Amino acid sequence: ADFDAKKKRKVAEIYQALNSDPIDVAALRRMAISEGGLLTDEIRRKVWPKLLSVNTDDLPPLPAGKELREDNKDYQQVLLDVRRSLRRFPPGMPDDQREGLQEELIDIILHVLKRNPQLHYYQGYHDIVVTFLLVVGDRLATALVEKLSTHHLRDFMDQTMDNTKHILNYLMPIIDQVNPEVHDFMQSAEVGTIFALSWLITWFGHVLSDFRHVVRLYDFFLACHPLMPIYFAAVIVLHREQEVLDCECDMASVHHLLSQIPQDLPYESLISKAGDLFVQFPPSELAKEAAQAAQAERTAASTFKDFELASVQQRPDTVLRQRFRERLRGEEQLRGEERTKSILTKPRTNRFVKLAVMGLTVALGAAALAVVKSALEWAPKFELQIFP
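None of the values given here were measured: they were computed from a predicted structure.

1. Observations concerning the packing of aromatic side chains
Here comes step 1: Enumeration over the complete set of coordinates arrives at 14 aromatic pairs.
Here comes step 2: Ring geometry for Tyr-121 against Tyr-125: centres 6.0 Å apart, planes inclined by 90 degrees, an arrangement best described as edge-to-face. Across the pair, Tyr-125 and Tyr-121 agree in class, each one buried.
Here comes step 3: Between Phe-204 and Phe-232, the aromatic rings sit 5.3 Å apart at their centres with planes inclined by 90 degrees, giving edge-to-face as the arrangement. One end of the pair, Phe-204, is in the loop between helix H12 (197-201) and helix H13 (211-222); the other, Phe-232, is in helix H14 (residues 228-239), and 28 residues separate them in sequence. Each member of the pair, Phe-204 together with Phe-232, is buried.
Here comes step 4: Connected via pairs of aromatic rings, a cluster forms that spans Trp-48, Phe-132, Phe-195, Trp-199, Trp-203, Phe-204, Tyr-218, Phe-220, Phe-221 and Phe-232.

Rendered as structure tokens:
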């Protein structure tokens, strides 16, 4: 009963924020982040547009599917991906209803790409779009996805994967701030960050089987900074600390362990932890380490081709291991000495101060996060600052 009372109170607060004039978007962000997120799809239909500042009174009509498909360079790939997306639809849904939704899904994707020629389709994009389609229906989904694609997802939709790689490079510095032992273990295993690629570019839609968990995360990500999914990825790895450290310290084993995402994660506590980490270690502080990671990657590990190959197959172990062997033979001794030196001299002092602050931000939790600049204000300037 206590839970129901809390839920009722939250629903009332959400409607109060929606009905105030002007709409209290900061309060809606807080509601989307705090425990339980936005609670129901009915509420999501009202709040998601506000979080993305999309005007629902003025939605353009959808063009007819036929003309979209006729000479569209992405059509075949989108069609393949959408056909494979069966498991993203509710299990009991009748076939004809699902097939109708799959047609709508193809149209939404082609429509957004046609109107924004600067955006490039990537495999996994449909996993994000289908989530919106199932929650808000096709017209509203089209408007929301278009806004999202030009903001939060913008970096994944470049012609190359360079910016996506940049974002993945934030993963290890976050882990390092919280748990140097896990970080160093992963570095020694040379596992890289590709295991988190599909998490990041589908906002976990592709890897979580329970739709309720997916929409709960979308509430959270829509209310936050575009880099929040990478903080959430870090929190999942940190949550599995014991499994990671018990694993064989080699690339194949660690990659295999991490790419299988457990379905019974404690989402609420992980969400609040990701929020706390964002407040304590904002992207601007991690940018330098992320850039260094990129430098190291260029010299040692993957060229773009490998990355592309690996991301398509999600089985990068062999490709990367081969590359490592070839590249490292020459530099082995020199780098070995340098690496020992850098591990010994790595400054670890301010971490302890920061962890003492931890209790504080946990208490503030979502409120602290809501103060963080809203996602959309960041977008274009933010790319320039962070991605040198």
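2. A closer look at the UniProt feature "transmembrane region" (unreviewed entry) in the protein
Here comes step 1: Under the local residue numbering, the UniProt record ascribes the feature "transmembrane region" (unreviewed entry) to residues 191-208, 220-238 and 352-372.
Here comes step 2: For residues 191-208, helix accounts for 28% and strand for 0%, while the C-alpha atoms at its two ends are 22 Å apart.
Here comes step 3: Secondary structure content for residues 220-238 is 74% helix and 0% strand, while the C-alpha to C-alpha distance between its ends is 19 Å.

3. Concerning the packing of helix H2 (residues 25-33) against H13
Here comes step 1: In the contact formed by H2 and H13, the axes pass within 8 Å of each other and the chain directions differ by 145 degrees. When the axes of H2 and H13 are compared, the crossing they make is left-handed. On H13, the residues touching Arg-29, Ala-32 and Ile-33 of H2 are Arg-216, Asp-219, Phe-220 and Leu-222.
Here comes step 2: When the residues that make up the contact of H2 with H13 are grouped by side-chain class, the tally is four nonpolar, no polar and three charged.

Parameters at a glance
Residues numbered from 1 in each chain as written. Predicted model: local features only at pLDDT ≥ 70, side-chain atom pairs only at ≥ 80, totals over all residues. Heavy atoms only, no water. Phe/Tyr/Trp six-rings, centres within 6.5 Å; stacked < 30°, edge-to-face > 60°. Buried < 20%, exposed > 50% of the residue type's maximum accessible area, 1.4 Å probe, protein only. Helix = DSSP H or I, 4+ residues; strand = E, 2+ residues; numbered from the N terminus. UniProt positions renumbered as here; feature names shortened; annotations may be inferred. Axes fitted to C-alpha atoms, helices over the stretch in contact; angles between N-to-C directions. Left-handed = near helix turned anticlockwise from the far one by under 90°. Contact = heavy atoms within 4.5 Å. Nonpolar A, V, L, I, M, F, W, Y, C, P; charged D, E, K, R; others polar.

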